[in-house]
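Here are the chains, one letter per residue:
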Amino acid sequence: MADKIKDAKIIFVVGGPGSGKGTQCERIVAKYGYTHLSSGDLLRAEVASGSDRGKQLQAIMQKGELVPLDTVLDMIKDAMIAKADVSKGFLIDGYPREVKQGEEFEKKIGKPCLLLYVDAKSETMIKRLLKRGETSGRSDDNEETIKKRLDLYYKATEPVIAFYESRGIVKKVDSELPVDEVFVQVSQAIDSLKP
């Protein structure tokens, strides 16, 4: 089964909560036919299913802690295999959160051809998340939890970005710009990938 995804195009999408990476991922899916896999969405779906694994995950996430690496990796791999026949490539969103996760991903699944870094200032992300919290009903969209998530995100992500920069596959886009302009940068990065 895993052979199906061995040669898949894989793009890691990194950006803080509220950076706008979800919006950019939707546009990539529409334009390029990639499958968007968000580790957060996969986890939330598992929680919503009410399974035993879901209940354990819910407890971890409510404390604002990170879910075990193997669990996330298995969920991503299963989702990739399920979509392998219909997908032009995969956007892996919210992962890896640390270098070790990236290395494990490569061992178990495959190497990314690009790390797309959707970058916004932390004040911008806080503003966007608070606004989202007014309508989303997500319990983790309050200012205290947001700041905690941003701290975790920065601490975790800086080494990941540095690791992939050393390989020359990081493309940073400025997400302070209007959505369409951000997508122009994103498209240029994807268009420059080797077929």
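As the structure is a computational prediction, the values presented were derived from the model and not from experiment. (Residues numbered from 1 in each chain as written. Predicted model: local features only at pLDDT ≥ 70, side-chain atom pairs only at ≥ 80, totals over all residues. Heavy atoms only, no water.)

1. Some points on the environment of K4
Where we set the bar: Only DSSP runs of H or I with at least four residues qualify as helices, and only runs of E with at least two residues qualify as strands; both kinds are numbered from the N terminus onward. Burial classification: accessible surface area is computed with a 1.4 Å probe over protein chains only, and a residue below 20% of its type maximum counts as buried, one above 50% as exposed, and the rest as partly exposed.
With respect to the helices, strands and loops of the structure, K4 is situated in the segment before strand 1 (10–14). Judged by its relative accessible area of 41%, K4 falls in the partly exposed class.

2. Here we look at the sheet that holds strand 2 (residues 35–38)
Operational definition: Any two strands between which DSSP finds at least two bridges are classified as paired. Axis definition: a line fit to C-alpha positions, over the contact stretch in the case of helices; interaxial angles, taken between N-to-C directions, run 0 to 180 degrees. Every residue pair with non-hydrogen atoms within 4.5 Å of one another is taken to be in contact.
Here we have five strands laid out as an open sheet, ordered 2-3-1-4-5, and parallel in their pairing. Each having just a single partner strand, strand 2 and strand 5 (170–174) make up the two edges of the open sheet. Neighbour to neighbour, the strand axes of the sheet diverge by 20 degrees on average, direction disregarded. Bridge count for strand 1 against strand 3 (residues 90–93) is four bridges, and the pairing is parallel. Within strand 3, the residue paired with I10 across the bridge is F90. Seen against the sheet, helix 2 (residues 39–49) touches strand 2 and strand 3 and runs at an angle of roughly 65 degrees to strand 2. Across the face of the sheet, helix 8 (residues 179–191) comes into contact with strand 1, strand 4 (114–119) and strand 5 while running at roughly 165 degrees to strand 5.

3. Points about the side chain of S38
Formally: Pairs of N or O atoms are called polar contacts if they sit within 3.5 Å, as long as, within protein, a hydrogen donor faces a hydrogen acceptor (for residues adjacent in sequence, only side-chain-to-side-chain pairs).
Position of S38 among the secondary structure elements: in strand 2. Separated by 3.0 Å, the side chain of S38 and the backbone nitrogen of D41 make a polar contact.

4. Re helix 8
Cut-off, in case you're wondering: An expected span of 1.5 Å times one less than the residue number is assigned to each helix.
A rise of 1.5 Å per residue sets the reference length of helix 8, with its 13 residues, at 18 Å; its end C-alpha atoms lie 18 Å apart and thus fit the reference within 8%. Listed as buried for helix 8 are V182, F183, Q185, V186, S187, A189 and I190. Contact partners of the buried residues in helix 8: strand 1, helix 1 (21–32), strand 4 and strand 5.

5. So, unusual backbone geometry
Only a minority of non-glycine residues have a phi that is not negative, and only a minority of peptide bonds are not trans. Across the junction of Y95 and P96, the peptide omega takes the value -5 degrees, indicating a cis bond. Looking at where P96 falls in the secondary structure, it is placed in the loop between strand 3 and helix 5 (99–108).

6. Brief notes about the packing of helix 6 (residues 122–136) against helix 7 (residues 143–165)
This is how it is decided: Orientation is classified from the angle alone, with under 35 degrees giving roughly parallel, over 145 giving roughly antiparallel, 65 to 115 giving roughly perpendicular, and any other angle giving oblique. By definition, turning the near helix anticlockwise from the far helix through less than a right angle yields a left-handed crossing, and turning it clockwise yields a right-handed one. Classification used: nonpolar for Ala, Val, Leu, Ile, Met, Phe, Trp, Tyr, Cys and Pro, charged for Asp, Glu, Lys and Arg, polar for all others including Gly.
It is the contact of helix 6 with helix 7, at a shortest axis distance of 10 Å, that shows an interaxial angle of 140 degrees. The pairing of helix 6 with helix 7 is recorded here as oblique in orientation. Here helix 6 and helix 7 pass one another in a crossing that is right-handed. Residues S122, M125, I126, L129, L130 and R132 of helix 6 pack against E143, I146, K147, R149, L150 and Y154 of helix 7. Residue composition of the contact of helix 6 with helix 7, grouped by class: seven nonpolar, one polar and four charged.

7. Topic: the UniProt feature "binding site: ATP" (unreviewed entry) in the protein chain
Heads up, the condition is: UniProt positions are given in the numbering used here, feature names are shortened, and annotations may be inferred rather than shown by experiment.
With numbering matched to this structure, UniProt assigns "binding site: ATP" (unreviewed entry) to G18, S19, G20, K21, G22, T23, R132 and L177. You can call K21 buried: its relative accessible area is 15%. Look past the residues within four positions of K21 in its chain and what remains in contact with it is V13, V14, G15, G16, D93, G94 and V118. Turning to its location among the elements, R132 is positioned in helix 6.

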